[in-house]
Every structure is written in structure tokens, then in C-alpha cells.
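Results of the structural survey
Below are the chains, spelled out letter by letter.
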Amino acid sequence: MSTSVEIPVVGPREPCPCGSGKRYKICHGKKARTVDRQYVTRPFRGLPGECDWVALREIISAATVPVQLTGDHSERDVLVATILPGATPALVRENGQILIGLQTVGSTGDPSADLGHALHTALDTTPGEAVTPGVRSPDAPRLQDLLAADAPFDVTVHNGFDFWLDPDSEPTAQQRSMLENANEAAVPAARLESAEAAYWCKLGDRDQVRWVQPYDEEPLLDGLARLHVRGTDTLGPDTRLLGTFRAHGLLVPVWDLVEGTTADEVEEPVGALQARIAEAVADNAPLTGAERRARAGLANRQITIR
């Protein structure tokens, strides 16, 4: 896999470091802006566990997943993480293991390309050295180009960020302090076994289920509206569907639970609701007046996260 020359970012009116003689803003700076403007509605489509990719990027504090690369790098040890120290996009440990962080400070309109660029750069980074992806070129590989499409995507949710520590080296006092601060801010969560990409979360005194749905938005909203009118869109007595938010082209419904509800206690209700949602989404009958009003209410309580 070839390595492209990284062009440093300079002031827009300065000469471009590539040596073209043009100002940066009309040379490589223009290419960088073009990349930033490209927006992909569902950047993780086609990857194993698309819904879980969205969950790890947007709704879970601490989780990791080993992933399988293709081609010449298929033997490399790569671990995808929700977030890395300092929200860095990638790091390479002394033993050669690559960690990729999904929740980073900066991103463009195509997170898959951003992450693919970081991973591609990490593959050519000397173990133990910092990974500096630089400006992403328009032809940078996306995750779909680097990861095996038939590999499993097995998520492990953690209580904290101990996975930041390299087991082969002794952490510094600064690293321990950073870890302690991060662990205090971690939101307790668990991935439910009864449905794909359904997560129990505890936010303060509120227990919730946040569930990334694999369906297209329109039929999913229709299905949830049908269930709401029937009174079957809940996870049991005194629970309710708060609304949905949109993340990377998929909808994420959020349910409020009875305070003190554990992840184990919600497994069976989530499994039953998954079957009801699938049936309601597959229903092509026109919505009734009550269902249309319920759908409008869901749409009005919707926000978008990019």
C-alpha cells in the first residue's frame, strides 16, 4: 500500500508547501476544502455492524471492537475504540497494535473516509510514535476499502477507559491522572443481547434504552407511529418513547425506563419490541389519521447529530 506525501497546512495566502508556486488556498488548501464539503449520508453503510458503528461514535462512552483488515495488512492487530486519550484519531503501541478512535475533535462530511485515512496513516507509522494523519486527500481509502466485509463486529462495553493503558508498559503519573478523570465522566452502559445495536444507558438518575435502527427513516417513522397508536411502542408499564435523533443517516429512538431498571431487566422487553417494530415497518397500508398525527409528533421531536 503506497504512502502519499503529506502536505502541511499553512496560511491560505502563503505559498503552498508542495512547491507549485501557487498560494495554499488555491492549491492543496482548495483540495482540503473540497474534501470537507463532501457529505455522505450513511458513512458506515456496508460495514459489518453499521448500527453499532453509529452507536460507538455517538451514544456510548467506553467500548472497543477488534476489526479485521484485508489485503497485505490482514495480520495487523487493530482495535476500534469509542475514544482515545485527547480524542486523538489513532495511536500505535510498541507491540504494533493499532487503536482507532471514533470520537475525535475534528471531522469532515465523511467519517468513514476520515477514519480510513487515520488507519491508513497508522499502518505506516513506526510503533510507539504518534500518528499524524494530516489533511485527507480526496482519494483517501475509506473504512470499507480497508476492513473485511465478512468479519464479525463484536462490541465490548467497558465501565471505564482502562483499555487506554498499554499492558506492556508502566503508565506515567500523567496518564493515570487522565484515566481517573475520564473514568469519572464515563456513562454506565451495556449492549443488550436481545437486539442489534440496542444499548441500556444510565444518565444521572435516568435509565434509558438508546437503540440504533437499521431501517430507512420513512418506513421506520411509519412503523413507530402505528405502534404508538396501538399503545405497543413502550418497553413496559411506565416506560415511554421520548423521541428519536438522527445520526449518520440512521434513526436512534430513545426510551425512558422506570428508575432503577437494569440492563438484564430490559432484555426481554427489547426483544419483544424488536419483533413488533419489524412487523410494523413491513406494513405498507396507508396510515390512519391518528397514525399520521403520531408520526408528525415523532418527526417534531427529532434532532440530527453529525
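Look a little higher up for the structure.
If you're wondering where the values come from, they're calculated on a predicted model, not measured in any experiment.

1. A short note on the packing of aromatic side chains
If you walk through the whole model with that rule in mind, you get 5 aromatic pairs. Ring centres of Phe44 and Trp53 lie 5.7 Å apart, and the angle between their planes is 15°; this geometry places the pair in the stacked category. Take Phe44 and Trp53: they sit in the same class, and that class is buried. Ring geometry for Phe161 versus Phe163: centroids 6.0 Å apart, planes at 55°, classification tilted. With a relative accessible area of 6%, Phe161 lands in the buried category.

2. Digging into empty space enclosed by the protein
For the structure on display, the rule yields 1 cavity of 30 Å³ or more. When its volume is computed, the largest cavity comes out at roughly 60 Å³. Grouping the amino acids of the lining of the largest cavity by side-chain chemistry returns 9 nonpolar, 1 polar and no charged.

3. Description of unusual backbone geometry
Phi at Ala87 is positive, roughly 55°, even though this residue is not glycine. Assignment of secondary structure puts Ala87 in the loop between strand E2 (78-81) and strand E3 (90-92). One non-glycine residue, Asp238, adopts positive backbone phi at about 65°.

4. What to know about the nonpolar core
If you look at the biggest cluster of nonpolar residues, it comprises 41 residues, and the most contacted ones within it are Trp53, Val67, Ile98, Leu119, Leu147, Tyr199 and Val212. Those residues in contact with Val212 that lie beyond four places of it in its chain are Cys51, Val54, Ala55, Ile59, Glu196, Ala197, Leu250, Leu251 and Val252. If you look at the next biggest cluster of nonpolar residues, it comprises 23 residues, including Leu224, Leu235, Trp255 and Ile277.

5. Side note on the side chain of Arg136
Position of Arg136 relative to the elements: it lies in the loop between helix H3 (111-123) and helix H4 (143-146). Look at Arg136 and you get buried, because its relative accessible area is 7%. Separated by 2.6 Å, the side chains of Arg136 and Thr108 make a polar contact.

6. A few points about helix H6 (residues 217-230)
For H6, which comprises 14 residues, the first-to-last C-alpha distance of 20 Å matches the rise-based estimate of 20 Å (1.5 Å per residue) to within 8%. Within H6 the residues assigned to the buried category are Leu220, Leu221, Gly223, Leu224, Ala225, Arg226 and Leu227. Once H6 finishes, Gly231 follows within two positions and takes phi at roughly 75°, a positive value.

7. Considering the pattern of salt bridges
Close approach of charged atoms allows side chains with opposite charge to pair. According to the stated counting rule, one finds 14 salt bridges in the structure shown. Across the pair Arg42 and Glu50 runs a salt bridge, and its minimum N-O distance is 2.8 Å. Take Arg42 and Glu50: they sit in the same class, and that class is buried. With its nearest N and O atoms 3.1 Å apart, the salt bridge here joins Lys202 to Asp207. Overall, the relative accessible area of 28% leaves Lys202 in the partly exposed class. What makes Asp207 buried here is its relative accessible area of 1%.

Conventions and cut-offs
- Residues numbered from 1 in each chain as written.
- Predicted model: local features only at pLDDT ≥ 70, side-chain atom pairs only at ≥ 80, totals over all residues.
- Heavy atoms only, no water.
- Phe/Tyr/Trp six-rings, centres within 6.5 Å; stacked < 30°, edge-to-face > 60°.
- Buried < 20%, exposed > 50% of the residue type's maximum accessible area, 1.4 Å probe, protein only.
- 1 Å grid on protein atoms, 1.4 Å probe; cavity = no way out; pocket = protein on both sides within 12 Å on 5 of 7 lines; lining within 4 Å.
- Points joined across faces, edges and corners; volume = space filled by probe spheres on them.
- Nonpolar A, V, L, I, M, F, W, Y, C, P; charged D, E, K, R; others polar.
- Helix = DSSP H or I, 4+ residues; strand = E, 2+ residues; numbered from the N terminus.
- Core = buried A, V, L, I, M, F, W, Y, C linked by side-chain atoms within 4.5 Å.
- Contact = heavy atoms within 4.5 Å.
- Polar contact = N/O pair within 3.5 Å; in protein donor to acceptor, adjacent residues only side chain to side chain.
- Expected span 1.5 Å × (residues − 1).
- Salt bridge = Lys/Arg side-chain N within 4 Å of Asp/Glu carboxyl O.

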